Amino acid sequence: MIRKTSAEDPAKQQQHLEQAKEKDKEKEKQVIPQKGATITCITKEEKDKKEDSRKKPKKNEEVAKKKTLTDRKIKMFEVKGAVANERKKSDEKEKQKSPEGRRRRERKKSKMRREKLRDGMAVRSEAFSWKVISRLGSGGFGDVYRVRKEKNKESKEEVMDYAMKTEMVMGEKRLLRLKIEVMVLEAIREQLKEDRRTHFVELIDKGKTDTYKA
Ligand SMILES: Nc1ncnc2c1ncn2[C@@H]1O[C@H](COP(=O)(O)OP(=O)(O)OP(=O)(O)O)[C@@H](O)[C@H]1O
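Thresholds applied
- Residues numbered from 1 in each chain as written.
- Predicted model: local features only at pLDDT ≥ 70, side-chain atom pairs only at ≥ 80, totals over all residues.
- Heavy atoms only, no water.
- Helix = DSSP H or I, 4+ residues; strand = E, 2+ residues; numbered from the N terminus.
- Buried < 20%, exposed > 50% of the residue type's maximum accessible area, 1.4 Å probe, protein only.
- Contact = heavy atoms within 4.5 Å.
- Areas by Shrake-Rupley, 256 points an atom, 1.4 Å probe, with all protein chains shown as cover.
- Near = heavy atom within 4 Å.
- Polar contact = N/O pair within 3.5 Å; in protein donor to acceptor, adjacent residues only side chain to side chain.
- Nonpolar A, V, L, I, M, F, W, Y, C, P; charged D, E, K, R; others polar.
- Pairing = 2+ DSSP bridges.
- Salt bridge = Lys/Arg side-chain N within 4 Å of Asp/Glu carboxyl O.
- UniProt positions renumbered as here; feature names shortened; annotations may be inferred.
- Core = buried A, V, L, I, M, F, W, Y, C linked by side-chain atoms within 4.5 Å.
- Expected span 1.5 Å × (residues − 1).
- Arc of directions from axis to C-beta.

- Naming follows an unreviewed UniProt entry, where the protein chain appears as Protein kinase domain-containing protein of Diploscapter pachys.

Next comes the structure, spelled out in structure tokens:
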């Protein structure tokens, strides 16, 4: 088929010109990536998200972050403290279980329960009246007082001080030892041979009030 060239047809020439112009315009619109660069297509939502993430955290947010951190630390300490306390408690329980620990506790309890005699007060037995001068000391199961025998005005007896050991009347029976001590001293007093009494204190008197044995 034989056709006319555009050079020969002015209408077609005009049409070609317009087409060329449109092509140029489209080329201008296109972005030509530089070597090594990449072009990605993102939506507006994604763009906003990216910008938000780039933004520095606000002060309040930082404070909240710090707070949660310290809270966590405090919780950790609390847990550690609780574990330590548990260990302490179990150790104490173990101590309490051992006979030595039990004895120590009983002694401590009995010491706490013990009422003390006041200086100057009188303790009466069946035979005598004793005036408390001062406390000499305390043992595991009783207190020892310096006492003076109260005597009649007419009596010409020499003033002498004695040691009086006391024990509470109330209390656990196995903790009451004074009775046994008295029995031993009475047995020793009966000894006829003097050398058998050498290392023991002499038992002078014994008695009992509502609160004490002495
Ligand atoms: N005859 C005494 N003269 C002076 N002080 C005394 C006399 N007897 C006891 N004491 C004092 O009183 C303290 C307690 O005496 P105690 O006899 O109760 O002691 P303990 O034998 O250790 O106690 P426990 O018999 O109750 O276990 C003594 O440590 C001592 O200081």
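### Section: the overall build of the protein chain
Reasoning step 1: Across its full length, the protein chain holds five helices and five strands.
Reasoning step 2: Across the 214 residues that make up the protein chain, the buried fraction comes to 14%.
Reasoning step 3: The long-range share in the protein chain, meaning contacts at least 24 apart out of those at least 6 apart in sequence, stands at 39%.
Reasoning step 4: When the accessible surface of the protein chain is summed, it comes to about 19700 Å², and 53% of that surface belongs to carbon and sulfur atoms.

### Quick word on the side chain of Lys 149
Reasoning step 1: Secondary-structure assignment places Lys 149 in strand β3 (residues 143-150).
Reasoning step 2: Apart from the residues lying within four places of it in its own chain, the contact partners of Lys 149 are Phe 128, Ser 129, Trp 130, Glu 157 and Met 160.

### Side note on the site of the ligand
Reasoning step 1: Close to the ligand lie Leu 136, Gly 137, Ser 138, Gly 139, Gly 140, Phe 141, Gly 142, Val 144, Ala 163, Lys 165 and Glu 181, which account for all nearby residues.
Reasoning step 2: Between the ligand and Glu 181 there is a distance of 3.4 Å, counted from an oxygen atom to a side-chain nitrogen or oxygen.
Reasoning step 3: Considering the ligand on its own, with 610 Å² of exposed area, one finds that the protein chains cover 49% of that surface.
Reasoning step 4: Breaking the shell around the ligand down by element, the ones donating at least two residues are β2 (129-138) and β4 (161-168).
Reasoning step 5: When its residues are assigned to classes, the shell around the ligand shows four nonpolar, five polar and two charged.

### Topic: the sheet that holds β4
Reasoning step 1: If you walk across this open sheet you meet the five strands as β1-β2-β3-β4-β5, and the pairing is antiparallel. Bordering the open sheet on either side are β1 (122-124) and β5 (212-213), each of which pairs with just one other strand.

### A look at the pattern of salt bridges
If the charged atoms of two oppositely charged side chains come close together, the side chains can form a pair.
Reasoning step 1: All told, the structure shown has five salt bridges when counted by the stated rule.
Reasoning step 2: One salt bridge connects Lys 116 with Asp 143, and the closest N-O pair in it is separated by 3.6 Å. Highlighted residues: Lys 116 in the loop between α4 (99-113) and β1 and Asp 143 in strand β3, separated in sequence by 27 residues.
Reasoning step 3: A salt bridge links Glu 186 to Lys 206, with the shortest nitrogen-to-oxygen separation between them at 2.9 Å. With a gap of 20 residues between them, Glu 186 in helix α5 (residues 178-189) and Lys 206 in the loop between α5 and β5 connect regions that are remote in the sequence.
Reasoning step 4: Accessibility expressed as a relative area gives 23% for Glu 186, which makes it partly exposed.
Reasoning step 5: Within the structure, one salt-bridge network assembled from shared partners comprises Arg 146, Arg 148 and Asp 161.

### Points about the UniProt feature "binding site: ATP" (unreviewed entry) in the protein chain
Reasoning step 1: According to UniProt, the "binding site: ATP" (unreviewed entry) feature falls on Lys 165.
Reasoning step 2: Not counting residues within four places of it along the chain, the set of residues in contact with Lys 165 comprises Asp 143, Val 144, Leu 178, Glu 181, Lys 213 and Ala 214.
Reasoning step 3: A distance of 2.8 Å separates a polar atom in the side chain of Lys 165 from a polar atom in the side chain of Glu 181.

### Let's talk about the nonpolar core
Reasoning step 1: Of all hydrophobic cores here, the largest spans ten residues; its members are Leu 117, Val 123, Trp 130, Val 132, Tyr 145, Val 147, Tyr 162, Met 164, Met 168 and Tyr 212.
Reasoning step 2: Every element with two or more residues in this core is listed here: β2, β3 and β4.
Reasoning step 3: Element by element, the count of residues in this core is highest for β4, at three residues.

### Concerning α5
Each α-helix turn comprises 3.6 residues. Residues three or four places apart therefore point the same way.
Reasoning step 1: For α5, with twelve residues, the first-to-last C-alpha span of 16 Å sits near the 16 Å given by 1.5 Å per residue.
Reasoning step 2: Looking at α5, one finds that the buried residues are Leu 178, Val 182, Leu 185 and Ile 188. In a view along the axis of α5, the buried residues occupy a sector of 125°, so they form one face of it. Residues of α5 that are exposed and point over 90 degrees away from its buried face: Lys 179 and Met 183.
Reasoning step 3: Where α5 is buried, its residues touch β4 and β5.

### Section: the environment of Lys 206
Reasoning step 1: For Lys 206, a relative accessible area of 47% corresponds to the partly exposed category.
Reasoning step 2: Linking Lys 206 and Val 182, residues 24 residues apart in sequence, is a C-alpha distance of 8.0 Å.
Reasoning step 3: For Lys 206, the residues in contact, after removing those within four places along its chain, are Ser 125, Val 182, Glu 186 and Ala 214.
Reasoning step 4: Side chain to side chain, Lys 206 and Glu 186 meet in a polar contact 2.9 Å long.

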